[in-house]
Amino acid sequence: MAATATNRRVILKDYVEGYPQEEHMELLPATEVPLRLTSDDPPGSVLVRNLYLSCDPYMRPKMSRPVRASYTAAFVPGSVITGYGVARVLDSSDPRLSPGDLVWGITGWEDYSVVKPPVTAFLSKISHGADGGVPLSYYTGILGMPGLTAYVGFHEICAPKAGETVFVSAASGAVGQLVGQFARLAGCRVVGSAGSAEKVELLKTKFGFHDAFNYKEEPDLAAALARCFPEGIDIYFENVGGAMLDAVLLNMRVHGRIAVCGFISQYNLKDGEKDAVRNLFAVIAKRLKLQGFIVPDHKHLYPKYEEWVLPYIRDGTIAYVEDVAEGLESAPKALIGLFHGRNVGKQLVRIAADDE
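No experiment lies behind these values; they were computed from the predicted model shown.

Parameters at a glance
- Residues numbered from 1 in each chain as written.
- Predicted model: local features only at pLDDT ≥ 70, side-chain atom pairs only at ≥ 80, totals over all residues.
- Heavy atoms only, no water.
- Helix = DSSP H or I, 4+ residues; strand = E, 2+ residues; numbered from the N terminus.
- Buried < 20%, exposed > 50% of the residue type's maximum accessible area, 1.4 Å probe, protein only.
- Areas by Shrake-Rupley, 256 points an atom, 1.4 Å probe, with all protein chains shown as cover.
- Axes fitted to C-alpha atoms, helices over the stretch in contact; angles between N-to-C directions.
- Parallel < 35°, antiparallel > 145°, perpendicular 65-115°, else oblique.
- Left-handed = near helix turned anticlockwise from the far one by under 90°.
- Contact = heavy atoms within 4.5 Å.
- Nonpolar A, V, L, I, M, F, W, Y, C, P; charged D, E, K, R; others polar.
- Phe/Tyr/Trp six-rings, centres within 6.5 Å; stacked < 30°, edge-to-face > 60°.
- Lys NZ or Arg CZ within 6 Å of the ring centre and 35° of its normal.
- Disulfide = S-S within 2.5 Å.
- Pairing = 2+ DSSP bridges.

## Describing the overall build of the protein chain
A count of helical and extended segments in the protein chain gives 8 helices and 15 strands. Along the first, second and third principal axes, the C-alpha atoms of the protein chain reach 65 × 45 × 35 Å. Sorting the 356 residues of the protein chain into buried and exposed places 54% on the buried side. Element-wise, carbon and sulfur atoms account for 53% of the exposed surface of the protein chain, whose accessible area totals about 15,500 Å².

## Some words on the packing of helix H4 (residues 221-228) against helix H5 (residues 242-251)
Running from N to C, H4 and H5 cross one another at 45°; their axes reach a closest spacing of 8 Å. When the interaxial angle is binned, H4 and H5 end up oblique. The chirality of how H4 crosses H5 is right-handed. Between H4 and H5, the residues in contact are Leu221, Ala222, Leu225 and Ala226 and Ala243, Met244, Ala247, Val248, Leu250 and Asn251, respectively. Residue classes in the contact of H4 with H5 are distributed as 9 nonpolar, 1 polar and no charged.

## Things to note about helix H8 (residues 331-338)
Most of H8 is tucked away: 7 of the 8 residues are buried. Where H8 is concerned, the buried positions are Ala331, Pro332, Ala334, Leu335, Ile336, Gly337 and Leu338. Packed against the buried residues of H8 are strand E1 (4-12), strand E2 (25-34), strand E14 (322-326) and strand E15 (346-350).

## Points about the packing of aromatic side chains
Evaluated as defined, the whole model comprises 15 aromatic pairs. Arranged with centres 5.9 Å apart and planes meeting at 5°, the rings of Phe167 and Phe213 form a pair that is stacked. One end of the pair, Phe167, is in strand E8 (residues 165-168); the other, Phe213, is in strand E10 (residues 211-214), and 46 residues separate them in sequence. Assessed through its relative accessible area of 3%, Phe213 is described here as buried. Taken together, the ring pairs connect Tyr58, Tyr84, Trp104, Tyr151, Phe182, Tyr302, Tyr305, Trp308 and Tyr312 into an aromatic cluster. One cation-aromatic arrangement involves Arg49 over Tyr112; the distance from NZ or CZ to the ring centre is 4.8 Å. Against the face of Phe229 rests Arg189, its NZ or CZ located 5.8 Å from the ring centre.

## Let's talk about the state of the cysteines
For the coordinates displayed, the defined rule picks out 0 disulfides. A disulfide-free cysteine, Cys261 has its sulfur positioned 11 Å from the sulfur of Cys158, the nearest such atom. Judged by its relative accessible area of 25%, Cys261 falls in the partly exposed class.

## Regarding the sheet that holds E10
Strand order in the open sheet made by the 6 strands is E10-E9-E8-E11-E12-E13, with parallel pairing throughout. In this open sheet, the two edge strands, each paired with only one partner strand, are E10 and strand E13 (289-292). With strand direction ignored, the average angle separating the axes of adjacent strands in the sheet is 15°. The pairing of E8 with strand E11 (residues 233-238) spans 3 bridges and is classified as parallel. What sits directly across from Val166, in E11, is Ile235. Packing of helix H1 (residues 145-157) onto the sheet brings it into contact with E8, E11, strand E12 (252-260) and E13, and relative to E11 it is tilted by some 155°. In the packing of helix H2 (residues 176-185) onto the sheet, the strands contacted are E8, strand E9 (189-194) and E11, and the crossing angle to E8 comes to about 170°.

Printed below as a string of structure tokens:
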């Protein structure tokens, strides 16, 4: 192994208001980095070669100025962007990990990253990679954070029962496509919304949703939901917020459950532009359970989830669609595309082959 390698990094140039643009990020010229940990790296650090990077909606709020109500720290302008990814360990002073191990977790948008404590706690060893018949890229999605998100929100928070009705917004995305399939496996009737005819067709033909609609073509979202759910919605997996949440509240059944995963419709709006939710009275009138959640609080459930989902992946019961951008230089455009609905399926970036 060479003593050094060239490393490229994507940084956030400045905090973002409104929709992010490619110019808000910058791919810095390559610099030489050591391929061993150094004395400057604290005990428990791990040096990795990044293979895949995940583009996720939660990264948009991290591009804004820090706010007290946020559950995650903002990016620091001038510093490398961080997010979930898949990588191979090159050097490690973490007793859990050894050179050659494949891992998924929080890493940097760069060719090589030194992951330091406490962030190393988010690195998990991959034991079912390509040799086990599972693509490594799946650990950015169905076998990574989005998969656990879908499992926790649907099974742990919403506790589905066979025969119930389920609605999923942003249903063709990394999380939504899984929630719909989990609902079908649980014996529920599931309907999804998406933003194009292509995605609606994907929901019905690839993912097995019982019905789906293009929210951009519906002048009255509450009426669209009433059409799809004439007897109401038992479970709503919330990815969108805003007008969609308002419409759903009117269509929930008594004792319905809502798992709040994200509010992607609101992430690029300035404070004065954000949509008010006007139908919250339904939470009381219909005795609804409405619960927000984040994956780090439920990381202990990952082994249970992995054991449950792997057989479904291997036998083809659960389908998973990825939208793969090539090269670190394409990462800013890929991330921005999430907020304009350009991706079809899970958006990720491949920056190196595992054998490089």
